[in-house]
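Single-letter residue listing:
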Amino acid sequence: MVGIFPNEDAIVRLIGAILLEQNDEWAGQRASLHVVIIAGEQEKLIDIDAQSARLHSDIPHSSFHGLPGNGHMIQQTATEEVMSALRELTDALKASA
């Protein structure tokens with residue numbers, strides 16, 4: 001390890017503390033996050049209904065894009081659809097600014 005971090009555990013503790021502090025700030029402000037969830041409907045590693053669609057239902061201001069005919073590597077097999085979903089996110093952020 002380099003510098004002020006004597007070992008990997010020290011780095012993990014620092015990052016954990018930062019994330020807890022950030023979570024407290026977000027919870028205190030009740031921040032509304034715009035989230036775009038994109039998943040291939042032929043995904044074999046996860047169940048998109050049990051995970052991605054549920055995540056969408058749990059996150060206000062989120063959108064969910066299930067991409068038919070695509071699996072795990074949607075950024076390569078459905079590039080335009082992924083970019084379109086990301087443009088949707090940037091448009092939402094611009095509109096809320």
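The rules behind these values
Residues numbered from 1 in each chain as written. Predicted model: local features only at pLDDT ≥ 70, side-chain atom pairs only at ≥ 80, totals over all residues. Heavy atoms only, no water. Helix = DSSP H or I, 4+ residues; strand = E, 2+ residues; numbered from the N terminus. Buried < 20%, exposed > 50% of the residue type's maximum accessible area, 1.4 Å probe, protein only. Contact = heavy atoms within 4.5 Å. Areas by Shrake-Rupley, 256 points an atom, 1.4 Å probe, with all protein chains shown as cover. Lys, Arg positive; Asp, Glu negative; His and termini not counted. Salt bridge = Lys/Arg side-chain N within 4 Å of Asp/Glu carboxyl O. Polar contact = N/O pair within 3.5 Å; in protein donor to acceptor, adjacent residues only side chain to side chain. Expected span 1.5 Å × (residues − 1). Arc of directions from axis to C-beta. Pairing = 2+ DSSP bridges. Right-handed = clockwise from strand over helix to strand, strands pointing away.

### Side note on the overall build of the chain
Now for step 1: Per the secondary structure count, the chain includes four helices and two strands.
Now for step 2: Moving toward the C terminus, one meets the helices and strands of the chain in the order α-β-α-β-α-α.
Now for step 3: In the chain, which comprises 97 residues, the proportion classed as buried is 18%.
Now for step 4: In the chain, of all internal contacts separated by at least 6 residues, the share reaching a separation of at least 24 is 62%.
Now for step 5: Taken as a whole, the chain presents about 7300 Å² of accessible surface, with 58% of it coming from carbon and sulfur.

### Structural notes on the side chain of Ser-52
Now for step 1: Within the fold, Ser-52 resides in helix H2 (residues 49–58).
Now for step 2: Ser-52 has contacts with Ile-37, Ala-39, Ile-46, Asp-47 and Phe-64, leaving out every residue within four places of it along the chain.

### A look at the side chain of Glu-43
Now for step 1: Its location among the elements puts Glu-43 in the loop between strand E1 (35–40) and H2.
Now for step 2: Within the buried core, Glu-43 has no salt-bridge partner, and the shortest N-O distance to an opposite charge, that of Lys-44, equals 8.7 Å.
Now for step 3: At a separation of 3.1 Å, a polar atom in the side chain of Glu-43 contacts the side chain of His-72.
Now for step 4: Discounting residues that sit within four places of it in the chain, Glu-43 has contacts with Ile-48, Asn-70, Gly-71 and His-72.

### Some details on helix H4 (residues 79–96)
Now for step 1: Relative to the 26 Å expected for 18 residues at 1.5 Å per residue, H4 spans 26 Å between its end C-alpha atoms, a close match to the ideal helical length.
Now for step 2: Taken together, the buried positions of H4 are Val-82, Ala-85 and Leu-89. One side of H4 holds all its buried residues, which, seen down the axis, span an arc of 65°. Opposite its buried face, H4 presents the exposed residues Lys-94 and Ala-95, each directed more than 90 degrees away.
Now for step 3: Those residues of H4 that are buried lie in contact with E1, strand E2 (62–67) and helix H3 (74–77).

### Focus: the pairing of E2
Now for step 1: By the bridge criterion, six bridges tie E1 to E2 in an arrangement that is parallel. Across the sheet, the residue bridging to Ile-38 is His-65, located in E2.
Now for step 2: For the crossover that starts at E1, traverses H2 and ends in the parallel E2, the hand is right-handed.

### A look at the pattern of salt bridges
Now for step 1: A full pass over the atoms with the stated rule returns two salt bridges.
Now for step 2: Residue Glu-80 is joined to Arg-87 by a salt bridge in which the shortest nitrogen-to-oxygen separation is 2.4 Å.
Now for step 3: For Arg-87, a relative accessible area of 40% translates into the label partly exposed.

### Comments concerning the environment of Leu-86
Now for step 1: One can find Leu-86 in helix H4.
Now for step 2: C-alpha of Leu-86 to C-alpha of Val-36: the two residues are 50 residues apart in sequence and 7.2 Å apart in space.

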